[in-house]
Amino acid sequence: MAYWLLKSDPETYSWDKMKLEKKTVWDGVRNYQARNNLASMLKGDLALFYHSNAEKSVFGIVEISKIAFQDPGTEDSRWLAVEIKYKKQLKHSVSLEQMKKEPMLADIGLIKQSRLSVMPLSDAEFNHIIH
């Protein structure tokens, strides 16, 4: 199993909407590195759901329920999407500021490549954030 972090502007797709809908297509990614990360996801992988912009926090965990397929929002075959499903809400959200204070998280993409919308996490990084 691999671990990921997915970023979304809450105005575009919020954690509250994810909890309500229970499943969605994660599409609209238009960055090659993020697209390659989508292509690497396997069914059953887990991802942290992160709100960018004002809130800048991880709110919960989603599971990859369908591997990469053609993004339905474009006819350009270069772009991919995955399907995700709601897994769990964190007891307390974890802010970017909290993560920046943790030495073991200093190298995560969220801090090193802040504009990347889909990024891998190690087992240790994932577990450190959720605990």
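Predicted, not measured: the structure shown is a model, and the values here were computed from it.

## Quick look at the packing of aromatic side chains
The relative placement of two aromatic rings is captured by the distance of their centres and the angle of their planes.
For step 1, the next point in the chain: Tallied over the full model, the rule gives six aromatic pairs.
For step 2, the next point in the chain: Seen from their ring centres, Y13 and F49 are 6.5 Å apart, and the 50 degrees between their planes marks the pair as tilted. Of this pair, Y13 sits in the loop between β1 (3-8) and α1 (15-21) while F49 sits in strand β3 (residues 46-51), and the two are 36 residues apart along the sequence. Like F49, Y13 is buried.
For step 3, the next point in the chain: Considering the side-chain rings of W26 and F49, the 5.5 Å spacing of their centres and the 80 degrees angle between planes classify their relative orientation as edge-to-face. In this pair, W26 sits in strand β2 (residues 23-26) while F49 sits in strand β3, placing the two residues 23 residues apart along the sequence. In this structure, W26 and F49 share a single accessibility class: buried.
For step 4, the next point in the chain: Taken together, the ring pairs connect Y13, W15, W26, F49 and Y86 into an aromatic cluster.
For step 5, the next point in the chain: Taking NZ or CZ as reference, K22 lies 4.6 Å from the ring centre of Y86, over its face.
For step 6, the next point in the chain: For the cation-ring pair, K66 lies above F69, with the distance from its terminal atom to the ring centre recorded as 4.6 Å.

## Here we look at the layout of surface pockets
For step 1, the next point in the chain: Here the largest pocket defines a volume of roughly 470 Å³.
For step 2, the next point in the chain: As for the largest pocket, its lining consists of 18 residues, of which K7, S8, D9, G28 and S117 are closest to the centre.
For step 3, the next point in the chain: Those elements that provide at least two residues to the lining of the largest pocket are β1 and β2.
For step 4, the next point in the chain: Looking at the lining of the largest pocket, the element that brings in the most residues is β2, giving three residues.

## A short note on the sheet that holds β3
Sheets are built from strands paired through backbone hydrogen bonds, the pairs being either parallel or antiparallel.
For step 1, the next point in the chain: Reading across the sheet, the six strands line up as β2-β5-β4-β3-β1-β6 and stay open at both edges, with mixed pairing between neighbours. Unpaired on one side and paired on the other, β2 and β6 (118-121) mark the two borders of the sheet. Averaged over all pairs of adjacent strands, the angle between their axes in this sheet comes to 35 degrees, without regard to strand direction.
For step 2, the next point in the chain: Where β2 and strand β5 (residues 80-95) come together, four bridges link them in antiparallel fashion.

## Here we look at the environment of S57
For step 1, the next point in the chain: Of note, S57 is situated in strand β4 (residues 57-70).
For step 2, the next point in the chain: A relative accessible area of 6% means that S57 is categorised as buried.
For step 3, the next point in the chain: Placed 35 residues apart in sequence, S57 and H92 show a C-alpha to C-alpha distance of 9.8 Å.
For step 4, the next point in the chain: Residues contacting S57, with those up to four places away along its chain left out, are F49, Y50, H51, S93, V94 and S95.
For step 5, the next point in the chain: One polar contact links the side chain of S57 to the main-chain carbonyl oxygen of E55, over a distance of 2.9 Å.

## Observations concerning the nonpolar core
For step 1, the next point in the chain: Within the largest apolar cluster, 37 residues are counted, with the highest numbers of intra-cluster contacts made by W26, V58, M99 and I129.
For step 2, the next point in the chain: What W26 contacts, discounting residues up to four positions off in sequence, is L6, K7, S8, Y13, L38, F49, L80, A81, V82, I84 and V118.

## Quick look at the pattern of salt bridges
For step 1, the next point in the chain: Enumeration over the complete set of coordinates arrives at six salt bridges.
For step 2, the next point in the chain: Of the charged contacts in the structure, one is a salt bridge between K87 and E63, with a shortest N-O distance of 3.4 Å. With K87 in strand β5 and E63 in strand β4, the pair connects residues that are 24 residues apart, well separated along the chain.
For step 3, the next point in the chain: For K87, a relative accessible area of 46% corresponds to the partly exposed category.
For step 4, the next point in the chain: Between R78 and D76 there is a salt bridge, with the nearest N and O atoms lying 2.4 Å from each other.
For step 5, the next point in the chain: Relative accessible area serves as the criterion here: at 24%, D76 is assigned to the partly exposed category.

Rules and cut-offs
Residues numbered from 1 in each chain as written. Predicted model: local features only at pLDDT ≥ 70, side-chain atom pairs only at ≥ 80, totals over all residues. Heavy atoms only, no water. Phe/Tyr/Trp six-rings, centres within 6.5 Å; stacked < 30°, edge-to-face > 60°. Helix = DSSP H or I, 4+ residues; strand = E, 2+ residues; numbered from the N terminus. Buried < 20%, exposed > 50% of the residue type's maximum accessible area, 1.4 Å probe, protein only. Lys NZ or Arg CZ within 6 Å of the ring centre and 35° of its normal. 1 Å grid on protein atoms, 1.4 Å probe; cavity = no way out; pocket = protein on both sides within 12 Å on 5 of 7 lines; lining within 4 Å. Points joined across faces, edges and corners; volume = space filled by probe spheres on them. Pairing = 2+ DSSP bridges. Axes fitted to C-alpha atoms, helices over the stretch in contact; angles between N-to-C directions. Contact = heavy atoms within 4.5 Å. Polar contact = N/O pair within 3.5 Å; in protein donor to acceptor, adjacent residues only side chain to side chain. Core = buried A, V, L, I, M, F, W, Y, C linked by side-chain atoms within 4.5 Å. Salt bridge = Lys/Arg side-chain N within 4 Å of Asp/Glu carboxyl O.

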